[in-house]
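Here is what each chain is made of, one letter per residue.
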Amino acid sequence: MTQMNWLVVYPEILLLIAACVVALVDLGVTEPRRRLTFWLTQASLAGVAVMHALALKSGLGTEGAAASVYAMQGLVVSDPMGHLLALCAALAMMLTIAYAQPYNGPRELLKGEFFTLSMFVLLGISVMISANNFLVIYVGLELMSLSLYALAALRRDHGVSTEAAMKYFVLGALASGFLLYGMSMMYGATGSLQIDEVFDVISKGGVNPTVLTFGVVFIVAGLAFKLGVVPFHMWVPDVYQGTPTSVTLLISGAPKLAAFAITLRLLVEGLSGLAQDWQEMLIVLSVLSMALGNLAAVAQTNLKRMLAYSAIAQLGFMLLGFTPTVIQGDTASAANGYSSALFYIITYVMTTLATFGLIMFLSRQGFESEEVSDLAGLARRNPWLAGVMTVLMFSLAGVPPMVGFYAKFAVVQALVSTNVAGYIVLAIVAVLLSLIGAFYYLRIVKVMFFDPPKDATPVASQGGVGVLLACNGAAALLLGLLPDGLMGLCRDVILAALAG
């Protein structure tokens, strides 16, 4: 169903207006902690989250009607999957800003630019998630990326941060070029920029297969960079380590949801007729990412760098959810893989938010809690924080009953349920590589509980942020014990997207 109704994009319109209002209001804010700017930003993001939650409920509750609505002359699509991802992205951005507030103050990063650029990052994410056109995806990607580049360089007087920002910018521009070139080849082959129209043209055949294959290669390369998987991972460790932790959290959190969205929009909704080509590429990217990410993380002593290699391995595992589905040919089997990947990326982002939030919580003026050794003896200094970190590390390692275990189990189950020998071998490889990853996650727990502390001073629980960390950690446990609700929601929105 196609509409000219601009109200389909009302959350994005609200976000744009709110970002401009925050930028103008902040000009008159003189209070060092910028509480007015903080609360205005959080209220705006909460409003956007509520809009997407209501739209998600409405989209899934409309029986007998099309769950997907195409609007703005077909440039955007409003569907339950998009609203779920946009809702999670808004909540992730709210948590990111809340965790960053006490961290940014002593480091002279608590500026209006941080709040405004964060909102523009979310706006770019929202545009990418709702896009049904190659150029709209690219516009959203550039809005998000340029805002992140500026945030990475926000600490202008810090040499390491400046270097990380330059690497991020140069490699990001290269990846954007790959993606744009691949899209241009698809347009040349199919004569359309609309994702649904490209799907129709490819399914009918008669298109030059060589041009299509090259287009797929460039598109997958661009997507692989945005996901941060091997061999397009070279920016991830340096940027994670070099940027302030609050910016690292911005890069590692909500943008991963957008990368998942455009991967599914482009490859599944637009290029499923070329699945054999991109499926084999994703398998290679996935195995290489899990192998290199886990092996490299074992050797790291810097906590942020270790989590960067961990992210490479985790997202490689997530890509497995895209690999077993197309061969089956039926919607139910396809939804099994895609929904497991969606569940995986949502829960991974949730766990990452708390992990970097806790690192910022332990940092103080003149001290960055970025080395693994900085966590030594944390159980003696603050048992509560050590318990939260243990839950998070167990979840990332895939230890039951944490949500990370169920996320990995769902992806492996999607592979095994195909009854294809190659996919069963792939599942075994994924499990074995995850065992390597468990080593460095459990090392963090060992350091916290068994190593003597460098500083015996107790770590004070800082009110609201401490409560948020506790809730975030509890969610990683509760969703592992009761995963059916979120998993069922992921499956419903994927089925709606495939049917739309």
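Residues numbered from 1 in each chain as written. Predicted model: local features only at pLDDT ≥ 70, side-chain atom pairs only at ≥ 80, totals over all residues. Heavy atoms only, no water.

(A) Quick look at the packing of helix H16 (residues 383–397) against helix H17 (residues 403–416). Running from N to C, H16 and H17 cross one another at 10°; their axes reach a closest spacing of 6 Å. The orientation of H16 relative to H17 falls into the category roughly parallel. For the pair formed by H16 and H17, the contact residues are Ser395, Leu396 and Ala397 on the first element and Val403, Gly404, Phe405 and Lys408 on the second. (Axes fitted to C-alpha atoms, helices over the stretch in contact; angles between N-to-C directions. Helix = DSSP H or I, 4+ residues; strand = E, 2+ residues; numbered from the N terminus. Parallel < 35°, antiparallel > 145°, perpendicular 65-115°, else oblique. Contact = heavy atoms within 4.5 Å.)

(B) Representation of the pattern of salt bridges within the structure. Under the defined criterion, the tally for this structure stands at eight salt bridges. A salt bridge links Glu163 to Lys167, with the shortest nitrogen-to-oxygen separation between them at 3.1 Å. On the criterion of helical spacing, the pair formed by Glu163 and Lys167 is a turn pair, its members being four residues apart in helix H6 (residues 159–190). For Glu163, a relative accessible area of 43% puts it in the partly exposed group. Of the residues examined, Lys167 reaches a relative accessible area of 29% and is grouped as partly exposed. Taking the shortest distance from any N to any O, the salt bridge between Lys304 and Glu370 comes out at 3.3 Å. With Lys304 in helix H13 (residues 303–319) and Glu370 in the loop between helix H14 (331–362) and helix H15 (378–381), this pair connects stretches of sequence that are 66 residues apart. (Salt bridge = Lys/Arg side-chain N within 4 Å of Asp/Glu carboxyl O. Buried < 20%, exposed > 50% of the residue type's maximum accessible area, 1.4 Å probe, protein only.)

(C) Layout of a nonpolar patch on the surface. There is a patch of nonpolar side chains on the surface, built from Val416, Ile424, Ile428, Val431, Leu432 and Leu435 and spanning about 510 Å² of accessible area. Broken down by element, the residue count for the nonpolar patch peaks at five residues, all from helix H18 (residues 421–450). Position of Val431 among the secondary structure elements: in helix H18. The exposure class assigned to Val431 is partly exposed, which follows from its relative accessible area of 39%. (Patch = residues over 30% accessible without salt bridge, like charges linked within 9 Å, V, L, I, M, F, W, Y side chains within 5 Å. Areas by Shrake-Rupley, 256 points an atom, 1.4 Å probe, with all protein chains shown as cover.)

(D) The nonpolar core, seen in detail. Ranked by internal contacts, the top residues of the largest apolar core, which has 174 residues, are Leu271, Trp278, Met318, Phe322 and Leu342. If one sorts the elements of this core by residue count, H14 sits on top with 20 residues. Ranked by size, the runner-up nonpolar core spans five residues in total, among them Val9, Val69, Ala71 and Val76. (Core = buried A, V, L, I, M, F, W, Y, C linked by side-chain atoms within 4.5 Å.)

(E) Structural view of the packing of helix H4 (residues 112–130) against helix H11 (residues 254–270). The N-to-C vectors of H4 and H11 enclose an angle of 20°; their axes lie 8 Å apart at closest approach. Taken together, the axis directions place H4 and H11 in an arrangement best described as roughly parallel. When you trace H4 past H11, the crossing you get is left-handed. For the pair H4 and H11, contact is made by Val121, Ile125, Met128, Ile129 and Ser130 and by Ala254, Pro255, Ala258, Ala261, Ile262 and Arg265, respectively. Across the contact of H4 with H11, the residue classes break down as nine nonpolar, one polar and one charged. (Left-handed = near helix turned anticlockwise from the far one by under 90°. Nonpolar A, V, L, I, M, F, W, Y, C, P; charged D, E, K, R; others polar.)

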